[in-house]
Amino acid sequence: MLTACWSVKGGSGTTVVTAALLLGATAAGRHAVAADFEGDLAVALGLSEPAGPGVLDWLAAGADVPHDALARIAHDTQHGITLIPRGTDTGASVHADADAGRRLAKAVRSVRTGGPVIVDCGRAASPAAQAFVAAADRSLLVLRPCYLALQRANSAPRPTAVVLVGDRRRHLTARDVEAILGVPVAAEIGWDEKIAHAVDQGLLRQAVPRQLLQAMRTVAA
C-alpha cells in the first residue's frame, strides 16, 4: 500500500508522522519503503542522508526515465527501511506536471519489499505533488487545526483521512475538522514535550514517544 503524508502548510508535521509510521512498521517486523519529497526524513529517522540522486532528480529527468530508475537510487538501510532520498533540486522538478506525479506514484510502488510504502510529500503545492497524492492508495492530510489551513485544505485534493496535530492555542476540534472537510480524523497527536524532545534531538528511532506510537497504530490499523 502506498501512503502519502502531506500538508497544505509548511511546518504541519508531515515528516514526524511519516517517520512514526515507518518506525511502527519496522517495529512490527515489516520492511518499509520511504520516499522523501522534503529532505528531512532521514534526519528525523536518525539516519545519514544518502548522497546522490533522488525523487526530485527522477521528476526532473522527464517521461523517458527508465521504469526501474527509482529502484536503482533507493538505499537499503540496516533498520528495515529502504529510503529514496529527496536528491538535488535542479529547478526542473518544479515544472513537472500532473502526469509526472502519477508516473512517480507508479514508480515508487515498484520498489517492492513486501511492506508498506510511505512517502513524506511535505506541502503538496505543485501539480506533480498533488497528482502523486491523488494517485496514492491512502492520502493522509497532516493538519494543524487553524482556519487558514482548513481553507487551503478545502481547495486541495480530497484526503482519505486527516491526522490532526494539536496545538494548545487552537480551539477547533476534530469534530469541527471532520464537519468542514467531510473526511474522518484518523488520529490526533496532542502537543507533548516528549515528542518535541525526540524530534529535536533526532531520537525518534531510538524511542518513539508512547503518545505518537499509539496515534500511528490507529492510523496503520
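The rules we used
Residues numbered from 1 in each chain as written. Predicted model: local features only at pLDDT ≥ 70, side-chain atom pairs only at ≥ 80, totals over all residues. Heavy atoms only, no water. Axes fitted to C-alpha atoms, helices over the stretch in contact; angles between N-to-C directions. Helix = DSSP H or I, 4+ residues; strand = E, 2+ residues; numbered from the N terminus. Parallel < 35°, antiparallel > 145°, perpendicular 65-115°, else oblique. Left-handed = near helix turned anticlockwise from the far one by under 90°. Contact = heavy atoms within 4.5 Å. Nonpolar A, V, L, I, M, F, W, Y, C, P; charged D, E, K, R; others polar. Buried < 20%, exposed > 50% of the residue type's maximum accessible area, 1.4 Å probe, protein only. Lys, Arg positive; Asp, Glu negative; His and termini not counted. Salt bridge = Lys/Arg side-chain N within 4 Å of Asp/Glu carboxyl O. Core = buried A, V, L, I, M, F, W, Y, C linked by side-chain atoms within 4.5 Å. Pairing = 2+ DSSP bridges. Phe/Tyr/Trp six-rings, centres within 6.5 Å; stacked < 30°, edge-to-face > 60°.

1. What to know about the packing of helix H5 (residues 98-109) against helix H6 (residues 127-135)
So, step 1. As a packed pair, H5 and H6 sit with axes 7 Å apart at the nearest point and diverge in direction by 45°. Viewed along their axes, H5 and H6 adopt a mutual orientation that is oblique. Here H5 runs over H6; the crossing is right-handed. For the pair formed by H5 and H6, the contact residues are Ala 98, Gly 101, Arg 102, Leu 104, Ala 105, Val 108 and Arg 109 on the first element and Pro 127, Ala 128, Ala 131, Phe 132 and Ala 135 on the second.
So, step 2. Residue classes in the contact of H5 with H6 are distributed as nine nonpolar, one polar and two charged.

2. Considering the side chain of Asp 57
So, step 1. Mapped onto the fold, Asp 57 is located in helix H3 (residues 55-60).
So, step 2. Of the side chains bearing the opposite charge, Arg 86 lies closest to the buried Asp 57, which forms no salt bridge; the N-O distance is 8.3 Å.
So, step 3. Beyond its immediate chain neighbours, meaning those up to four positions away, Asp 57 contacts Arg 86, Gly 87, Thr 88 and Thr 90.

3. Let's talk about the nonpolar core
A general tendency of soluble globular proteins is for nonpolar side chains to be buried together.
So, step 1. Formed by 47 residues in total, the largest nonpolar core has its most connected members in Leu 104, Val 119, Phe 132, Leu 143 and Leu 181.
So, step 2. At five residues, the largest contribution of residues to this core is made by H5.
So, step 3. Excluding its chain neighbours within four sequence positions, the residues that come into contact with Val 119 are Leu 2, Thr 3, Ala 4, Cys 5, Thr 18, Ala 35, Phe 37, Val 108 and Phe 132.
So, step 4. By size, the runner-up hydrophobic cluster in this structure holds 33 residues, among which are Val 17, Ala 19, Ile 189 and Ile 195.

4. Overview of the pairing of strand E2 (residues 32-36)
The side chains of a regular strand alternate, residue by residue, between the two faces of the sheet.
So, step 1. For E2, the tally of buried residues reaches five of five residues, placing the bulk of the element in the interior.
So, step 2. Along E2, one buried face is formed by Ala 32, Ala 34 and Asp 36 and the opposite face, lined by Val 33 and Ala 35, is buried too.
So, step 3. Where E2 and strand E4 (residues 81-84) come together, four bridges link them in parallel fashion. When the sheet's bridge partners are listed, Ala 34 is paired in E4 with Leu 83.
So, step 4. In this sheet, strand E5 (residues 117-123) lies alongside E2 in parallel orientation, the contact comprising four bridges. Bridging across to E5, Ala 35 finds its partner in Val 119.

5. Digging into the sheet that holds strand E3 (residues 75-76)
So, step 1. Read across the sheet, eight strands follow the order E3-E4-E2-E5-E1-E6-E7-E8 without closing on themselves; strand pairing throughout is mixed. Edge positions in the open sheet fall to E3 and strand E8 (185-189), since each of these has one partner strand only.
So, step 2. Note that strand E1 (residues 2-7) and strand E6 (residues 138-143) share four bridges and pair parallel. Paired with Ala 4 across the bridge in E6 is Ser 139.

6. With respect to the pattern of salt bridges
So, step 1. The tally for this structure, following the rule as stated, stands at three salt bridges.
So, step 2. Put simply, Arg 103 and Asp 99 hold a salt bridge, and the shortest N to O gap is 3.3 Å. Taken together, the positions of Arg 103 and Asp 99, both in helix H5 and four residues apart, correspond to about one turn of that helix.
So, step 3. According to the relative accessible area criterion, Asp 99 is partly exposed, its value standing at 38%.
So, step 4. A salt bridge links Asp 137 to Arg 109; its shortest N-O distance comes to 3.3 Å. With Asp 137 in the loop between H6 and E6 and Arg 109 in helix H5, this residue pair connects regions lying 28 residues apart in the sequence.
So, step 5. Taking the relative accessible area as the measure of exposure, Arg 109 reaches 26% and is therefore partly exposed.

7. Points about the packing of helix H1 (residues 14-27) against helix H10 (residues 210-220)
So, step 1. Remark: H1 packs on H10, axes separated minimally by 9 Å, with the N-to-C direction vectors making an angle of 80°. Here H1 lies roughly perpendicular to H10, going by the angle between them. Contacts between H1 and H10 involve Val 16, Val 17, Ala 20, Leu 21 and Gly 24 from the former and Leu 212, Leu 213, Met 216 and Val 219 from the latter.
So, step 2. A breakdown of the residues in the contact of H1 with H10 according to their chemical character gives eight nonpolar, one polar and no charged.

8. Topic: the packing of aromatic side chains
So, step 1. Under the counting rule described, the total for this entry stands at one aromatic pair.
So, step 2. Here the aromatic rings of Phe 37 and Phe 132 are separated by 5.2 Å at their centres, their planes lie at 55°, and the arrangement is tilted. Here Phe 37, found in the loop between E2 and helix H2 (41-44), pairs with Phe 132, found in helix H6; they are 95 residues apart in sequence, far enough to count as distant.
So, step 3. Taking the relative accessible area as the measure of exposure, Phe 37 reaches 10% and is therefore buried.
So, step 4. Given a relative accessible area of 0%, Phe 132 falls into the buried group.

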